[in-house]
Amino acid sequence: MANHKGLILDVDLRSHDNNLAHRTREIDRERLIVRRGQPFSITLQCSDSLPPKHHLELVLHLGKRDEVVIRVQRERGAGDKWWFNQQGAQDEMLLTLHSPADAIIGQYRLAVLMMSPDGHIVERANNNMFHLLFNPWCKDDVVYLADESLLQEYVMNEDGVIYMGSWDYINSIRWNYGQFEDHVMDICFEVLDHSKDALKNSEMDTELRCDPVYVSRIITAMVNSNGDRGVLTGRWDEPYSGGVAPYRWNGSVPILRQWSKAGAVKYGQCWVFAGVACTVLRCLGIPTRLITNFASAHDVDGNLSVDFLLNERLESFDRRDRQDSSWNFHCWVESWMRRDDLPKGNDGWQVLDPTPQELSDGEFCCGPCPVTAIKEGNLDVKYDAPFVFAEVNADIIYWIVQQDGRRQKVRVDQGSVGRNISTKSVYGDHREDVTQLYKYPEGSKKEREVYEKAGRRVTEPTNESTEPGQLQLSIKHAKPVFGTDFDVIVEVKNEGGRDAHVQLTMLAMAVTYNSLHRGECQRQTTSVTVPAHKVHKEVLRLRYGDYVRCVSEHHLIRVKALLEAPGDNEPVMTVANIPLSMPELLVQVPGKAAVWEQVTAFISFTNPLPVPLTGGVFTVEGAGLLSATEVHVNGDISPGQKVSVKLSFSPMRTGVRKLLVDFDSDRLKDVKGAATVVVRKKYTPVITGLLNY
């Protein structure tokens, strides 16, 4: 019988067919990458038919050191286990493997064993490697999402839009998630392998990778490098020496590749952390979208209010690390999953925040926290619900601290936090407002009930009543462009029956998007008389020369106005954030684009500032188009001068692609532009007459 042993010659993993059926062809065409809960077939070539009573066994190995071993059953058994069926028993066999919908994600090694009747291994084919991902198309997978258009956006789309600015002046940048770019999937698993849990107990970590709650929580901890071997180091103010300034990134791919080569990447801020997390989660098969919360509160002490202490000159006291703050905007991600670990009603979108802010179970991570729990005020569910609730619901209270230490409350905002919560629409590049998923309408009865349930005191706002004698204060401004002079108009309205003699202080200062103060631009204090039932206007002129000295890379000016009237009147204060809009780059890719055929992009930019720019550099990238590439500008760019560059590249993948460009220089940073490129298949002429059909 020795010459009969049915030698296994070859195992064909049929990657092309399987990857197409499992929607992973964008990741790789050569390696087998499949999604759990969906069968896939492999072919076994033998030199001869199987000897009588011999049979095949399949064994799966998982983990860096094969810590987890799974025997694949020969037929569908009780419970959710791996099983396979076999067609054909001659020299070629088709084996169809069925993975459970809660299988562990990761890299598997498949061993095909030919067993003799007495249980000895006659032959083995050992090193058949494949990757298994989450499957949001499978109804039994906890990440299942029923709507195909949502899956195309939240799993398959590599191009994103991130919203920034302030709640009343929203702008956006494009982001290249690039989850299907070369090596990105391997790096995503590398991120999981470097987590504290994986390094401490690899076997337990591997077994827990069946659960998207566990996996997504590990990712939020690992996207920041605080306390572990994570991807990005955060930095919130200049200088960004020894790294890349956060605003210069166009996408996640260069960050992940750099981390894989050399460890923690400098530097990130919230939208960069969120962008990288979105890439990793989409790549692994968890439907994910990036969210921007405008006027986002960071409540350190958990009292659901953010307290700002000002001195008598309206200057903030020196910020300590552990102090409440309010960010102009803050980005996180939401991932879609069923929450079998929580009571009913917590399925669906879950907040995950990879920006290092507060410790959660000893790690700098946040979530997954059900969005429905935030809306309903159920703050006892896992994970980090009180912190997320405060981000969208906290009161903001301004206090003036007198020289003798007494505090005077000058403004309470109960409706200014958590506004215009935004994400990219499924149906194009426009903004979708999802505020109603996080909170009931401001001031509604239901909103008040949720606040009480969440343990937030419900009080009537101060400085908001319109009783006779009330002085009201508002700030108006146009939408100024960075590089120009502009006016800010402060209006004082006297609704009382007597003239009001008041002192008005106006202060303009440069701030970062997360409220770090960068310096005073302009201050003006005047004594004014406002006649009864009249409005008085004061103009504060802001010149480029005044604000350019201290403005941050976020190009944001905060104006505070304080009204003080002698007598019984309480001081009145109001605050406005004024984003300075940026010029846009013009990006054009003329002609038709085909895969692996050269196209040329033309990029142009005109210096809008009254001063020359030096050190100009364009950074260009796009998923399926080209890796991040820098084009340097020689010499200075004079005021009003137009600079044009061209860049040739060969697209690598078909489809509708986005080419993203960032311009950076000494005085002007974070200038963005984009173009859409439709990449077709390569045209190959058909030569007729040579083939007989």
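Description of the structure in this document. (Residues numbered from 1 in each chain as written. Predicted model: local features only at pLDDT ≥ 70, side-chain atom pairs only at ≥ 80, totals over all residues. Heavy atoms only, no water.)

### Examining the overall build of the protein
The number of helices and strands found in the protein is 13 helices and 37 strands. Along the first, second and third principal axes, the C-alpha atoms of the protein reach 115 × 60 × 45 Å. Buried residues in the protein amount to 56% of all 693 residues. For the protein, long-range pairs separated by at least 24 residues make up 67% of all intrachain contacts whose partners lie at least 6 apart in sequence. (Helix = DSSP H or I, 4+ residues; strand = E, 2+ residues; numbered from the N terminus. Buried < 20%, exposed > 50% of the residue type's maximum accessible area, 1.4 Å probe, protein only. Contact = heavy atoms within 4.5 Å.)

### Topic: the sheet that holds strand S2 (residues 32–35)
Taken together, the 5 strands give an open sheet; going across it, the order is S2-S9-S8-S4-S5, and neighbouring strands pair in mixed fashion. The sheet terminates laterally at S2 and strand S5 (68–72), the two strands that pair on one side only. Taken pair by pair, the neighbouring strands of this sheet meet at an average axis angle of 35°, ignoring direction. By the bridge criterion, 9 bridges tie strand S8 (residues 106–115) to strand S9 (residues 121–133) in an arrangement that is antiparallel. Bridging across to S9, Val112 finds its partner in Ala125. The strands touched by helix H3 (residues 184–193) are S2, S8 and S9; relative to S9, the strand with the most contacts, the crossing angle is about 90°. (Pairing = 2+ DSSP bridges. Axes fitted to C-alpha atoms, helices over the stretch in contact; angles between N-to-C directions.)

### Points about a negative patch on the surface
A cluster of acidic side chains, namely Asp10, Asp12, Asp48, Asp91 and Glu92, defines a negative patch on the protein surface. For Asp12, the location among the structural elements is in strand S1 (residues 8–12). Looking at Asp12, the relative accessible area reads 38%, which means it is partly exposed. (Patch = residues over 30% accessible without salt bridge, like charges linked within 9 Å, V, L, I, M, F, W, Y side chains within 5 Å. Areas by Shrake-Rupley, 256 points an atom, 1.4 Å probe, with all protein chains shown as cover. Salt bridge = Lys/Arg side-chain N within 4 Å of Asp/Glu carboxyl O. Lys, Arg positive; Asp, Glu negative; His and termini not counted. Charge placed at Lys NZ, Arg CZ, Asp CG, Glu CD.)

### Quick look at the packing of H3 against helix H8 (residues 270–284)
Two elements in contact, H3 and H8, have axes separated by 10 Å at closest approach and are oriented at 105°. Between H3 and H8, the angle is such that the two are roughly perpendicular. Residue-level inspection shows Val184, Met185, Cys188, Phe189 and Leu192 of H3 in contact with H8, the latter providing Thr279, Val280, Cys283 and Leu284. For the contact of H3 with H8, a count of residues per class yields 8 nonpolar, 1 polar and no charged. (Parallel < 35°, antiparallel > 145°, perpendicular 65-115°, else oblique. Nonpolar A, V, L, I, M, F, W, Y, C, P; charged D, E, K, R; others polar.)

### Details of helix H12 (residues 445–453)
Within the sequence span of H12, burial applies to Glu447, Val450 and Tyr451. Seen along its axis, H12 keeps its buried residues to an arc of 100°; they face one direction. Across H12 from its buried face, at more than 90 degrees, point the exposed residues Lys445, Glu452 and Lys453. In this structure, the buried residues of H12 make contact with helix H9 (371–376) and helix H10 (385–393). (Arc of directions from axis to C-beta.)

### Looking at the pairing of strand S11 (residues 169–176)
Looking at chain direction, strand S10 (residues 159–166) and S11 are connected through 8 bridges and run antiparallel. Bridge assignment links Ile162 to a residue of S11, and that residue is Ile173. Taking the residues between adjacent antiparallel strands as the criterion, S10 and S11 are bridged by 2 residues.

### Observations regarding the side chain of Gln38
Within the secondary structure, Gln38 is located in the loop between S2 and strand S3 (40–46). Among the polar contacts made by the side chain of Gln38, one reaches the side chain of Asn135 at a distance of 3.3 Å. If we skip the residues at most four places from it in the chain, Gln38 touches Ala21, His22, Ser99 and Asn135. (Polar contact = N/O pair within 3.5 Å; in protein donor to acceptor, adjacent residues only side chain to side chain.)

### Some remarks on the packing of aromatic side chains
Scanning the model with the defined rule gives 23 aromatic pairs in all. Three or more aromatic residues link up through ring pairs in this structure, and these residues are Trp236, Trp271, Phe273, Trp327, Phe329 and Tyr513. The ring centre of Tyr383 lies 4.0 Å from the NZ or CZ of Arg217, which sits over that ring. Sitting over the ring of Trp167, Arg419 keeps its end group 3.5 Å from the ring centre. (Phe/Tyr/Trp six-rings, centres within 6.5 Å; stacked < 30°, edge-to-face > 60°. Lys NZ or Arg CZ within 6 Å of the ring centre and 35° of its normal.)

### Description of unusual backbone geometry
For the bond running from Glu238 to Pro239, omega is 5°, close enough to zero to count as cis. Looking at the element boundaries, Pro239 is found in the loop between strand S12 (232–234) and helix H7 (253–262). Of the consecutive residues Gly367 and Pro368, the connecting peptide bond is found in the cis state with omega at 5°. With respect to the helices and strands, Pro368 occurs in the loop between strand S17 (348–352) and strand S18 (369–370). The phi angle at Ala295 is positive, at roughly 55°, despite the residue not being glycine. Considering the arrangement of structural elements, one finds Ala295 in strand S14 (residues 288–298). Of the residues examined, Ala295 reaches a relative accessible area of 11% and is grouped as buried.

### Here we look at the sheet that holds strand S22 (residues 431–433)
Overall, antiparallel pairing links the 6 strands, which are arranged S18-S17-S16-S14-S21-S22 in an open sheet. Every other strand in the sheet has two partners, leaving S18 and S22 as the edge strands with one partner each. In this structure, strand S16 (residues 325–337) lies alongside S17, joined through 5 bridges in antiparallel fashion. For Val333, the partnering residue across the bridge sits in S17 and is Leu352. Seen against the sheet, H10 touches S14, S16, S17, S18 and strand S21 (419–424) and runs at an angle of roughly 70° to S14.

### Points about the pairing of S2
Here S2 shows a buried face lined by Leu32 and Val34 and a second buried face lined by Ile33 and Arg35. Of the strand pairs in this sheet, S2 and S9 are connected by 4 bridges, and their pairing is parallel. What sits directly across from Val34, in S9, is Leu132.

### Points about the nonpolar core
Core analysis: the biggest nonpolar cluster contains 115 residues, and Trp175, Ile255, Trp271, Leu284 and Tyr438 have the highest contact counts within it. Examining the composition of this core, we find that 12 residues originate from one element, H8, more than from any other. The contacts of Leu284, once residues within four sequence positions are left out, are Ile105, Leu133, Phe134, Cys188, Phe189, Leu192, Val215 and Ile219. Within the second largest apolar cluster, 63 residues are counted, among which are Leu580, Leu585, Ile603 and Phe663. (Core = buried A, V, L, I, M, F, W, Y, C linked by side-chain atoms within 4.5 Å.)

### Section: the pattern of salt bridges
Opposite charge on two side chains permits pairing when their charged atoms draw close. Here the structure, examined in full by the defined rule, presents 45 salt bridges. The salt bridge partner of Glu57 is Arg71, with a shortest N-O separation of 3.5 Å. Taken together, the residues span a long stretch of sequence, with Glu57 in strand S4 (residues 55–62) and Arg71 in strand S5 at a distance of 14 residues. The salt bridge involving Glu334 is made with Arg289; its shortest N-O contact spans 2.8 Å. Taken as a pair, Glu334 in strand S16 and Arg289 in strand S14 lie far apart in primary sequence, 45 residues in all. Across the pair, Arg289 and Glu334 agree in class, each one buried. Taken together, the shared-partner salt bridges connect Glu26, Glu158, Glu181, Arg653 and Arg657 into one network.

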